[in-house]
Amino acid sequence: MAKAPAIPYCTVKAFRAALDILRTAPPTLVTRDSLVERGISAHAVYPVLGALRFLALIDDEGVLQPNVAAFLEPNDIMGRRRIFEQSFAFLLPDIKFPVDEREDMDRLLVENHGVAQGVAAFCATFFLWLAAESGVPVADAGRVRRGRPPAHLAQLSDAARAALLGQAMDADLDAFIEPGAIRPTTLARPARPSEAQSKTQS
C-alpha cells in the first residue's frame, strides 16, 4: 500500500505571501533562495516549498507547473477545487463538512494520519483554508461566533468568502471578515423559501 503524502504544515500567511510573489514577480526557479530574496522568511520557506510541491504548483526543481494558474487567478475557484480534490484524495473520505471546530480536524490528523501533535494545528488550518478557497463549505455560515474568526476563515480571498456566503441562507458575515476589513455589502442574502413564497403571493 502506497504511503500517503505528508500533509502541508505551512502557515496560510506565508503561503499567501508566496502566491503574491508568483503573481507579481515570479522567479525563474522557485527555490529557497529565490523566495527568501523576495521576502519569505527563512523559517517559513521550507514549509511553503513543501506545500507548493504537494499541490503540484512547482516540480522538484522549482519549475512552475500549469496548476499554479488556478491559484494566481482569484476567481478560479473550480480550478482550485480540482487541485484540492486531487491532492487530498487520500484524506477527503475521512472528512465531513462543515467542520465545526478546527480541533476536531487536529485530532483526526493525529490519530488517523500520523501527523505530529506539534504541527497538527498548522496542517488543519492550511487544509481548511485551502478547502474554503476551493469553494468547499467548510463552515456553517449561519453560526454565531464570538471573538476573532478562526484563521482559515479570517484569511479568505474575496472570491472564496463570497462563495461561502452564497452557500448560506442566513449568513453571519462577521465570521468571514478579516478584522478591519470592509463588509461585503454587495453580497445579497438569498431569500428564504418562506420569504420567496410571500413575495410571490403578494
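Computed from a prediction, not measured in an experiment: that's the story for all the values here.

A.B. asks: How would you sum up helix α9 (residues 158-166)? Please name residues and give values.
C.D. replies: Regarding α9, the residues found buried are Ala159, Ala160, Arg161, Leu164 and Leu165. Summarising the contacts, the buried residues of α9 are in contact with α5 (77-87), α7 (117-133) and α8 (151-154).

A.B. asks: Any details on the nonpolar core? Residues and values, ideally.
C.D. replies: Residues Phe15, Leu55, Phe71, Phe88, Leu91 and Leu109 are the most contacted members of the largest nonpolar core, which totals 52 residues. Every element with two or more residues in this core is listed here: α1 (12-24), α3 (45-54), α4 (69-72), α5, α6 (102-113), α7 and α9. For this core, the leading source of residues is α7, giving 10 residues.

A.B. asks: How would you summarise α7 if you had to cite specific residues and measurements?
C.D. replies: Since the α-helix turns once every 3.6 residues, residues separated by three or four places project in the same direction. Here α7 is 17 residues long and its end C-alpha atoms lie 25 Å apart, about the 24 Å a rise of 1.5 Å per residue gives. Within α7, 12 of the 17 residues are buried, which leaves it mostly tucked inside the rest of the structure. Considered for burial, the residues of α7 that qualify are Ala120, Cys123, Ala124, Thr125, Phe126, Phe127, Leu128, Trp129, Leu130, Ala131, Ala132 and Glu133. Where α7 ends, the next residue or the one after it, Gly135, has phi of about 85°, a positive value.

A.B. asks: How would you summarise the packing of aromatic side chains if you had to cite specific residues and measurements?
C.D. replies: Evaluation of the coordinates by the stated rule reveals 11 aromatic pairs. Here the aromatic rings of Phe88 and Phe127 are separated by 5.0 Å at their centres, their planes lie at 80°, and the arrangement is edge-to-face. Pair noted here: Phe88 is in the loop between α5 and α6 and Phe127 is in helix α7, with a separation of 39 residues, a long-range link. Classification of Phe88 by relative accessible area gives buried; the value is 0%. The exposure class assigned to Phe127 is buried, which follows from its relative accessible area of 1%. An aromatic cluster is defined as three or more aromatic residues linked by ring pairs; in this entry it consists of Phe54, Phe84, Phe88, Phe90, Phe97 and Phe127.

A.B. asks: Provide a residue-level description of the pattern of salt bridges, including the pertinent values.
C.D. replies: A full pass over the atoms with the stated rule returns 8 salt bridges. Between Arg23 and Asp20 there is a salt bridge, with its nearest N and O atoms 2.8 Å apart. Separated by 3 residues within a single helix, Arg23 and Asp20 lie in helix α1, roughly one turn from each other. What makes Arg23 partly exposed here is its relative accessible area of 36%. Owing to a relative accessible area of 42%, Asp20 belongs among the partly exposed residues under this scheme. Notably, a salt bridge pairs Arg161 with Asp158, separated by 3.1 Å at the nearest N-O pair.

A.B. asks: Hey, could you go over unusual backbone geometry for me, with residue numbers and the actual values?
C.D. replies: The peptide bond linking Phe97 to Pro98 adopts the cis configuration, its omega dihedral lying at 0°. Examined against the element boundaries, Pro98 turns out to sit in the loop between α5 and α6. Of note, the phi angle at Ala56 is positive, near 60°, even though the residue is not glycine. Here Ala56 lies in the loop between α3 and α4. Overall, Ala56 belongs to the partly exposed group, its relative accessible area being 33%.

What counts and what doesn't
- Here, residues in each chain are numbered from 1, in the same order as that chain's written sequence.
- Where totals are concerned, whole chains, interfaces and linings use all residues; where local detail is concerned, this predicted model gives features only for residues with pLDDT of at least 70, and gives and counts side-chain atom pairs only at 80 or more.
- Excluding hydrogens and water, the side-chain figures rest on all heavy atoms present in the structure.
- Only protein chains enter the area calculation, which uses a 1.4 Å probe; residues under 20% of their type maximum are buried, those over 50% are exposed, and those in between are partly exposed.
- Note on conventions: DSSP H or I runs of at least 4 residues are helices, E runs of at least 2 residues are strands, and numbering of each starts at the N terminus.
- Working rule for contacts: check all heavy atoms of both residues, and any pair within 4.5 Å makes them a contact.
- Among buried residues, those of type Ala, Val, Leu, Ile, Met, Phe, Trp, Tyr and Cys that are joined through side-chain atoms within 4.5 Å constitute a nonpolar core.
- By definition here, a helix of n residues has an expected span of 1.5 Å times n minus one.
- Only the six-membered ring of Trp is used, alongside the rings of Phe and Tyr, when aromatic pairs are assigned; centres must lie within 6.5 Å, and planes under 30 degrees apart are stacked while those over 60 apart are edge-to-face, with the rest tilted.
- The salt bridge definition used is simple: a Lys or Arg side-chain nitrogen within 4 Å of an Asp or Glu carboxyl oxygen.

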